[in-house]
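Here are the chains, one letter per residue:
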There are 2 protein chains.
Amino acid sequence: MNKTKKRSDCPISNSLDIWGDKWSLLIIRDLMFAKECTYGDFLKAQERIATNILASRLQSLEENKIIEKLDHPDSKAKVLYRLTKKGVDLMPVLIEIHLWAEKYFPIPDDRKAMLKDVKKDKAGFIKAATKELMG
Amino acid sequence: MNKTKKRSDCPISNSLDIWGDKWSLLIIRDLMFAKECTYGDFLKAQERIATNILASRLQSLEENKIIEKLDHPDSKAKVLYRLTKKGVDLMPVLIEIHLWAEKYFPIPDDRKAMLKDVKKDKAGFIKAATKELMG
DNA sequence: CATTTGCACTTGCAATATGCAAGTAAAATT
DNA sequence: AATTTTACTTGCATATTGCAAGTGCAAATG
């Protein structure tokens, strides 16, 4: 997405200015499920993001402090990406999207299983998952 | 946005295929706050959507059953748009985006006031607001 | 230690989407 | 009857996306 041109003072609009495109939330999703991803990991996702788009989204998400780069422990050729706290804090948004989607589309079984846990104790689920990602 | 080309079976991706652009959620936002809007009402929003983009988004949201058209009670020249149940059900998503934004940006006072209510009783807030929109 | 492979990007270009300004047609107002 | 309002549509310039191929460095292989 684009740099810091805010279209208004609305929080929805401001948020969309950062991650309101067809790809950013999928990158964030991948990091929520995997905790750490390499460039190649993102490219493996079902949706088949183009390499140039991936590079531009990673840069923009990093500029907006949603994700950060880490050195890969066993190779200088690899880069690890992970969510910052600001990124992890998007988890409730991702969860509500899941819950909405579950009401209106068929969704994969593993996601259904996850949502079963979510519904049992949403706050608890988020707390545990956040700990997992930030620890 | 585009027609029904699903990029994957992921619920996040499926959702973004419908409203994952810079404008759709703003239209939905306007309808959450106003319940019913005319074409001209949408054009008045701070973000200044272009008329052609507005028309294309309204059409796509209608095709996806997020919004519906209604006859305006006192004029055939006017059209009213409102959220369907499927659209109203996006409220938790919009609320979580607000809560996230509040943590990381300055947000307007009226939204802050709203979030204060939300935080007091999220389920109650959603129930009441949904009733308001669907009644 | 030379060569190949893997990884994270860049680059070039075509296709698509966005944004702006102006236009249109029907309905309402004057 | 003429003007204005309303909901769009159209044309065109600009920006973004998507695809395919390429680049450069690091690591593995022979």
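Here we summarise the structure given alongside this text. All figures in this text were calculated on a predicted structure; none of them were measured in a lab.

Residues and elements named next belong to chain A. In spatial order, the strands read E1-E3-E2; together these 3 strands make up an open sheet with antiparallel pairing. With partners counted over all chains shown, the strands left at the sheet margins are strand E1 (36-37) and strand E2 (67-71), one partner each. Pairing between E1 and strand E3 (residues 79-83): 2 bridges, direction antiparallel. Bridge pairing in E3 places Glu36 opposite Arg82. In the packing of helix H4 (residues 51-63) onto the sheet, contacts are made with E2 and E3, and the angle to E2 comes to roughly 105 degrees.

We now examine the protein's contact with DNA strand D. In the neighbourhood of DNA strand D, 20 residues make up the surrounding shell, with Trp23, Asn52 and Arg57 of chain A together with Thr51 and Tyr81 of chain B lying closest. When atoms of DNA strand D within 4 Å of the protein are sorted by moiety, sugar and phosphate together comprise 62%. Here Arg57 of chain A contributes a side-chain N or O atom positioned 2.8 Å from a phosphate oxygen of DNA strand D. Interatomic distance of 2.4 Å between a side-chain N/O atom of Tyr81 of chain B and a phosphate oxygen of DNA strand D. Within the residue set of the surface near DNA strand D, elements represented by two or more residues are H4 of chain A together with helix H3 (39-44), helix H4 (51-63) and strand E3 (79-83) of chain B. With 4 residues, H4 of chain A is the largest single contributor of residues to the surface near DNA strand D.

So, on to the pattern of salt bridges. Counted according to the given criterion, the structure contains 22 salt bridges over all chains. Residues Arg7 of chain A and Asp17 of chain A are paired through a salt bridge, measuring 2.8 Å at the closest nitrogen-oxygen approach. Note that Arg7 of chain A is positioned in the segment before helix H1 (11-19) and Asp17 of chain A in helix H1, a separation of 10 residues in sequence. Note that Lys119 of chain B is salt-bridged to Glu102 of chain B, the shortest N-O span being 3.0 Å. Taken together, the residues Lys119 of chain B in helix H7 (residues 109-120) and Glu102 of chain B in helix H6 (residues 91-104) connect sequence positions 17 residues apart. Look at Lys119 of chain B and you get exposed, because its relative accessible area is 52%.

Cut-off values and rules
- Residues numbered from 1 in each chain as written.
- Chains lettered and ligands numbered in written order.
- Predicted model: local features only at pLDDT ≥ 70, side-chain atom pairs only at ≥ 80, totals over all residues.
- Heavy atoms only, no water.
- Pairing = 2+ DSSP bridges.
- Helix = DSSP H or I, 4+ residues; strand = E, 2+ residues; numbered from the N terminus.
- Contact = heavy atoms within 4.5 Å.
- Axes fitted to C-alpha atoms, helices over the stretch in contact; angles between N-to-C directions.
- Near = heavy atom within 4 Å.
- Polar contact = N/O pair within 3.5 Å; in protein donor to acceptor, adjacent residues only side chain to side chain.
- Salt bridge = Lys/Arg side-chain N within 4 Å of Asp/Glu carboxyl O.
- Buried < 20%, exposed > 50% of the residue type's maximum accessible area, 1.4 Å probe, protein only.

Geometry only, nothing functional implied.
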